[in-house]
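Chain by chain, the residues:
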Amino acid sequence: MNKEVKAENNKATITKKDRHNAILRWMFMGSALYNYESGQASSVVWSLAKLLRKIYPKDEEYKEALDNHFKYFNTTTAMGNIILGATTAMEEKDGIKSKDAVQALK
């Protein structure tokens, strides 16, 4: 097996506890970090940072995913859980290739 296939097979899986922690982080900070330039984007990044690190072990992909989530985002805190859950599932399945689809969904 080549290195890329091994890395793909050894991909860390997101646990239910990881998702729960991200949801709690979002619920507590979803509206607290609001600004007029990026809306709730900083809250999204803070909430998903640990999940994204598991999905993207390579630093370059991790930074690219964080930059993607720093783009404008605004919703109610209750609906944010659904949207962020869907985007996390997309990223977990397709990796950095889903970057444009994730942003379109948000």
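Residues numbered from 1 in each chain as written. Predicted model: local features only at pLDDT ≥ 70, side-chain atom pairs only at ≥ 80, totals over all residues. Heavy atoms only, no water.

### Quick notes on the overall build of the chain
Rule in force here: Each helix is a run of DSSP H or I of at least 4 residues and each strand a run of E of at least 2, with the numbering of both proceeding from the N terminus. Here's how the labels work: a residue is buried when its accessible area is under 20% of the maximum for its type, exposed when over 50%, partly exposed in between, all with a 1.4 Å probe on protein chains only. The contact criterion used is simple: two residues touch if any of their non-hydrogen atoms lie within 4.5 Å.
On a plain count of helices and strands, the chain comes out with six helices and zero strands. Tracing the chain from N to C terminus, the helices and strands come up as α-α-α-α-α-α. Buried positions account for 36% of the 106 residues belonging to the chain. Across the chain, the fraction of contacts at a sequence separation of at least 24, relative to all contacts at a separation of at least 6, is 63%.

### Some remarks on the confidence of the model for the chain
What counts here: Confidence scores labelled pLDDT are given residue by residue by the predictor and lie between 0 and 100.
Across the chain, the average pLDDT comes to 85, with 89% of residues at or above 70. When mean pLDDT is compared element by element in the chain, helix α4 (residues 59-69) scores highest at 93, while helix α1 (residues 3-9) scores lowest at 44. Confidence drops under pLDDT 50 across residues 1-7; counting only partners more than four residues distant or on other chains, this segment forms two contacts.

### A word on the packing of aromatic side chains
Quick note on the threshold: Each Phe, Tyr or Trp ring (for Trp, its six-membered ring) is paired with any other whose centre lies within 6.5 Å, and the angle between the two planes then decides the class: stacked below 30 degrees, edge-to-face above 60, tilted in between. Any Lys NZ or Arg CZ found within 6 Å of a ring centre and within 35 degrees of that ring's normal is scored as a charge over the ring.
In total, this model carries two aromatic pairs according to the counting rule given. Between W26 and F73, the ring centres sit 6.1 Å apart and the planes meet at 65°, which makes this aromatic pair edge-to-face. Of the two residues, W26 is situated in helix α2 (residues 16-29) and F73 in the loop between α4 and α5 (77-94); the sequence distance between them amounts to 47 residues. As far as burial versus exposure is concerned, W26 and F73 are alike and both buried. Over the ring of W46 we find R25, and its NZ or CZ is 3.8 Å from the ring centre.

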